[in-house]
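Spelled out from the first residue to the last, the chains are:
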Amino acid sequence: MTARNNKPGATDGAGSVLSTVAGPSVSTPPSNLGSKEPVPARLLEKTSAEKQLAAAMPFNPNKPGEYGDASRMPAEGDHHQPTTPAATGSTSTEIIASGKVGSGQPPVGQNPTVAPLDRVRVDPSNQVLTTNQGVPVADNQHSLKIGLRGPTAMEDFILREKITHFDHERIPERVVHARGSAAHGFFESYGDFSELTRAVPFAAKEKRTPVFVRFSTVAGERGSTDTARDVRGFAVKFYTEQGNWDLVGNNIPVFFIQDAMKFPDLVHAAKPEPHHGMPQAGTAHDTFWDFASLSPEIAHMLMWAMSDRAIPRSYRTMQGFGVHTFRLINAAGESRFVKFHWTPKQGTHSLVWDEAVRISGADSDFHRRDLWEAIESGNFPEWELGFQVFTEEQAASFPFDILDATKLIPEELVPLTPIGRMVLDRNPDNFFAETEQVAFCTAHIVPGIDFSNDPLLQGRIHSYLDTQISRLGGANFHEIPINSPIVQIQNNQRDGMHRQAINRGRVNYEPNSLGGGCPFQAGKMGFTSFPQTFASEDKVRGNPELFSEHYGQARLFYQSQSAAEQAHIANAFRFELTRVQTPAVRERVLALLANVDAGLVAKVAEGLGMEVPAPLPLASPNPIPSYEPSPALSLLSRPGQTGIRTRRVAILVAAGVDGNAVRAMYASLLNDGAVPRLVGSMLGKVKTSAGDPLDVEISLEAGPSVMYDAVIVPDGDKSSDLLARNAHAIDFLREQYRHCKPIMALGGGANLLVKAMIPPTLPDGSADPALLIDGSLEAFKAALASHRTFARETDPPMV
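Residues numbered from 1 in each chain as written. Predicted model: local features only at pLDDT ≥ 70, side-chain atom pairs only at ≥ 80, totals over all residues. Heavy atoms only, no water.

Caption draft 1: Region of the structure containing a negative patch on the surface. Where like charges cluster on the molecular surface, the negative patch consists of Asp-715, Asp-717, Asp-721 and Asp-774. Its place among the elements puts Asp-717 in helix H17 (residues 717–724). (Patch = residues over 30% accessible without salt bridge, like charges linked within 9 Å, V, L, I, M, F, W, Y side chains within 5 Å. Areas by Shrake-Rupley, 256 points an atom, 1.4 Å probe, with all protein chains shown as cover. Salt bridge = Lys/Arg side-chain N within 4 Å of Asp/Glu carboxyl O. Lys, Arg positive; Asp, Glu negative; His and termini not counted. Charge placed at Lys NZ, Arg CZ, Asp CG, Glu CD. Helix = DSSP H or I, 4+ residues; strand = E, 2+ residues; numbered from the N terminus.)

Dropping the structure here:
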């Protein structure tokens, strides 16, 4: 980081510029955001210029001219020139350049039609309003009428175009993964990995490939909440010199089912029940658990889905996996199997369930907002790509089948090979045009990558392509700008809905001579499938023998978790099954869990007031294999490398607070990359103990506890007394404690902890490392970097 301006008040309100909700009552912006890096500087410039632009139009001067005789001669619309191009941009990260998004120079006041993605970015600054045919619109306020009080004229083509386009602005949402957020970035290879694969992203050290990444929930609809307990999609589109490669995965390395034939059944069971359309974005209902309890291959996935992995703290703090086994092919045609892993540099962190539920009510866009704010402020999320590479001979020795998507390969068996890093450094300009219209497909691979015979993967190869044709209006969805590659498309495909290309010439077939034989085959430079040989086999519907073992890896996952994580899994099963109404379904799930772990099923059964039933019969006569615990499967094994960067810290303020201490802590946290905010009873100024005012940035009701990673209660007897009379402030502290987050109270601020009945020690009587009374700011930062102190947890909670 570069030098900062630490003048008193220089960073007042900076946390609000770094956020997208609320802000202080004053209009004076901070002079810096704790950093002079280009993106935060651009964000500050953008925010300041936006306020100036809005302030330049205190009312609508055109309004009087819209009535009576004056409306017969429409006037030119009032308009103002922004002081900087940043003012009218969608995102502060538009200055980030790449081979896909363009030069990093925003197209101001023009509608460019050339260059990567710049050709479709339209900026209206200082431009006349037109129809979609370019006709200047004189009056955009009224329909064309026969006299001022007469009927609307059918010939009003401007009205009809505007209304017709509006009527058709929505497209069918995805059947699954409907709720998503996305960003642009790049992948950078750590080296030349051509010995493993001829895929071009891995061809040279420091080679960069543009990417577009979409994160999503699976079960919910487009308008559902971000923090539902669910699998998260993790889809990466690589724009390579040999075409687009889509690595379409999840934040969980295994899946619910083994064969694509069952995919419609799984989704139907997990979606809202068809007779009443409930519940939304959740599996806590009878049809899902009925399906699950009759499908024992789901056992491993249930462990992950009931764990904290299914309620991530943010998209930036979750792993990603390709799920399936793929092949790597090098230039010599040699093949190895591979599993793809994305590991976040920010660490793997999750919410706790009570927190996730409360966030749904406080901010259903929690993950979307977090991703946007981090990128917008220049805190670019980063992941490391790792390969698990192994041979067919190694695969044959494993106690599971590598084609079974309900199994993973423990890292102790095949370690990860670090391959490169992915950085997301640019927010989309337009949510619909990019995030909503992007189309991922497992069939989109490039030379050097190939499929395995995983029966679930084989079905996905068809399914994703098929659904895009329906969702995006036809077979030409590849011509939508966000989906188009950065290389030439040349083939003999023609026509179809929404065709954009205008092909010259008479030839649309191959072979041909009238077009000089073009476009011609690439030969060995093109994509070729691995020439796998097959023994003579009968046509058959079924699975290999090793697919029949369903519980060994479920047991591995559970026994690899910390005690706190195991408790969360048991509680999640208890919650989900409590909402199930059919006793036989609950009993079958318990019988399934009895094959996983005796301690787990006993806890869940106790929480349901049931006896532990006999285990479900095994599908295989062989004993359940035993695995050594794998520490890598615990979230706590990946604390991250970025410290407190982007962590949100609430500083509770009221009249009489120690203003000098507040400003010093605020600036110090900001300088270390955290996002501090002054939280008070309501917006406005609070007078400090020294008499100078502080501007509250967000109120307790607009920014409740669950929106922050930690809290500080500054010194001040009067301020503590005022906050102690506010039930929102008391609830704020109680929830911070219950959710195991760091709390620091200074001087008189400690009185508020007593009022909130927060115990000074952990339940076992030992010191609480994340409860700092008159502690140092450095100790608070250390606790903040550790994320949570699960030793506080009791069931039910004490606070």
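Caption draft 2: Highlighting the pattern of salt bridges. A complete count under the given rule lists 35 salt bridges for this structure. The partner of Arg-426 in a salt bridge is Asp-429, and the shortest N-O contact between them spans 3.3 Å. Both residues of the pair, Arg-426 and Asp-429, count as buried. Linking Lys-781 and Asp-672 is a salt bridge whose minimum nitrogen-to-oxygen distance equals 2.7 Å. Pair noted here: Lys-781 is in helix H20 (residues 777–785) and Asp-672 is in the loop between helix H16 (659–671) and strand S12 (675–680), with a separation of 109 residues, a long-range link. The exposure class of Lys-781 is buried, given its relative accessible area of 8%. Overall, the relative accessible area of 34% leaves Asp-672 in the partly exposed class. One salt-bridge network, in which partners are shared between bridges, spans Arg-313, Arg-316, Asp-370, Glu-373, Arg-648 and Asp-709. (Buried < 20%, exposed > 50% of the residue type's maximum accessible area, 1.4 Å probe, protein only.)

Caption draft 3: Highlighting the sheet that holds strand S15 (residues 698–699). The strand order across the open sheet formed by six strands is S15-S12-S11-S16-S17-S18, and the pairing between neighbours is parallel. For this open sheet the edge positions go to S15 and strand S18 (771–773), each flanked by a neighbour on one side alone. Inspection of the sheet shows strand S11 (residues 648–652) paired to S12 by five bridges, in the parallel sense. Within the sheet, the bridge partner assigned to Arg-648 lies in S12 and is Val-675. (Pairing = 2+ DSSP bridges.)

Caption draft 4: Main features of the pairing of strand S3 (residues 232–240). When you tally the buried positions in S3, you get nine out of nine residues, the bulk of the element. Burial along S3 is two-sided: Arg-232, Phe-234, Val-236, Phe-238 and Thr-240 and Gly-233, Ala-235, Lys-237 and Tyr-239, pointing in opposite directions, are all buried. Relative to S3, strand S2 (residues 208–217) is paired through seven bridges, and the arrangement is antiparallel. Across the sheet, the residue bridging to Arg-214 is Ala-235, located in S3. Bridge count between S3 and strand S4 (residues 243–250): eight bridges; the pairing is antiparallel.

Caption draft 5: Focus on the environment of Val-438. By secondary structure assignment, the location of Val-438 is in the loop between helix H10 (431–436) and strand S10 (449–451). Overall, the relative accessible area of 0% leaves Val-438 in the buried class. Between the C-alpha atoms of Val-438 and Gln-581, which are 143 residues apart in sequence, the distance is 39 Å. With near-sequence residues (within four places) excluded, Val-438 lies in contact with Arg-174, Phe-212, Arg-214, Lys-237, Arg-471, Ile-482 and Asn-483. (Contact = heavy atoms within 4.5 Å.)

Caption draft 6: Region of the structure containing the packing of helix H14 (residues 583–593) against helix H15 (residues 598–608). Viewed as axis vectors pointing N to C, H14 and H15 meet at an angle of 160°, and their least axial separation amounts to 9 Å. On the basis of their axis angle, the class for H14 and H15 is roughly antiparallel. In the packing of H14 onto H15, the handedness of the crossing is left-handed. Contact with H14, carried on its side by Arg-586, Leu-590 and Leu-593, involves Leu-600, Val-601, Val-604, Ala-605 and Leu-608 of H15 and no other residues of that element. Residue composition of the contact of H14 with H15, by class: seven nonpolar, no polar and one charged. (Axes fitted to C-alpha atoms, helices over the stretch in contact; angles between N-to-C directions. Parallel < 35°, antiparallel > 145°, perpendicular 65-115°, else oblique. Left-handed = near helix turned anticlockwise from the far one by under 90°. Nonpolar A, V, L, I, M, F, W, Y, C, P; charged D, E, K, R; others polar.)

Caption draft 7: Representation of the packing of H16 against H20 in the model. In the contact formed by H16 and H20, the axes pass within 12 Å of each other and the chain directions differ by 40°. On the basis of their axis angle, the class for H16 and H20 is oblique. When you trace H16 past H20, the crossing you get is right-handed. Facing H16, whose interface residues are Met-665, Ser-668 and Leu-669, H20 presents Leu-777, Phe-780 and Lys-781. Split into classes, the residues belonging to the contact of H16 with H20 amount to four nonpolar, one polar and one charged.

Caption draft 8: Up close: helix H11 (residues 455–471). The terminal C-alpha atoms of H11 lie 24 Å apart, and with 17 residues this matches the ideal 24 Å at 1.5 Å per residue to within 8%. On the buried face of H11, the contacting elements are S4, strand S6 (326–329), H10 and S10. Positive backbone phi, at 90°, marks Gly-473, one or two positions downstream of H11. (Expected span 1.5 Å × (residues − 1).)

Caption draft 9: View of unusual backbone geometry. Residues Met-278 and Pro-279 are joined by a peptide bond in cis, for which omega reads -5°. Looking at the secondary structure, you find Pro-279 in the loop between helix H4 (263–270) and helix H5 (286–293). For the peptide bond that leads from Asp-795 to Pro-796, omega is 5°, which places it in the cis range. One non-glycine residue with positive phi stands out, namely Met-757, at about 60°. Along the polypeptide, Met-757 turns up in the loop between helix H19 (750–755) and S18. Here His-787, not a glycine, exhibits a phi torsion of approximately 80°, which is positive.

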